[in-house]
Amino acid sequence: MTRMDTKQRIHEQVTSHPVVLFMKGTPEAPQCGFSMRVVNVLESYGVEYGALDVLPALQPLREVTAEISDWQTFPQLYVNGELVGGADIVEEMDESGELATLLGVEQPERPAMSAKQELQADPQQSPPIQIQR
């Protein structure tokens, strides 16, 4: 397949499906943690989405998606033909409610996290030091 064929197929995929995820692996068997994070977010909304495994043609797809959206890393979520972003952006939009609005669905209910869970969820934040006496 030529570069132009690949570019055309990607364009067809992102414009013919409302929600498309280019990911490593499949939703049933993600092959990287970032792809799994985006799948988990999408699954929480219950929306239908197309998923394409990029691993069989990773480098050519990176080159072509860089031309289309100026984004070379995967996963990449597209909604209504436009790049939304990767795992971090999708999770931020999920937390703020922007993703629900973009998808045209209700924000899913999520249980509140405890202070300990919040610390564990933020890899930038170290847990408090425990001093044994």
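Going by the structure above, here's the rest.
Since this is a predicted model, take the numbers as computed values, not measurements. (Residues numbered from 1 in each chain as written. Predicted model: local features only at pLDDT ≥ 70, side-chain atom pairs only at ≥ 80, totals over all residues. Heavy atoms only, no water.)

This brings us to the sheet that holds strand β6 (residues 82-85). Strand pairing in a sheet takes place through backbone hydrogen bonds and is either antiparallel or parallel in direction. Pairing in this open sheet of four strands is mixed, and the strands run β4-β1-β5-β6 from one edge to the other. Of all the strands in the sheet, the pair left with one neighbour each is β4 (50-53) and β6. The sheet shows a mean angle of 25 degrees between the axes of neighbouring strands, direction not considered. Across four bridges, the pairing between strand β1 (residues 19-23) and β4 is parallel. Note on β4: the bridge partner recorded for Phe22 is Leu52. In the packing of helix α2 (residues 33-45) onto the sheet, the strands contacted are β1 and β5 (76-79), and the crossing angle to β1 comes to about 160 degrees. Sitting on the sheet, helix α4 (residues 87-96) touches β5 and β6, and the angle it makes with β6 is about 85 degrees. (Pairing = 2+ DSSP bridges. Helix = DSSP H or I, 4+ residues; strand = E, 2+ residues; numbered from the N terminus. Axes fitted to C-alpha atoms, helices over the stretch in contact; angles between N-to-C directions. Contact = heavy atoms within 4.5 Å.)

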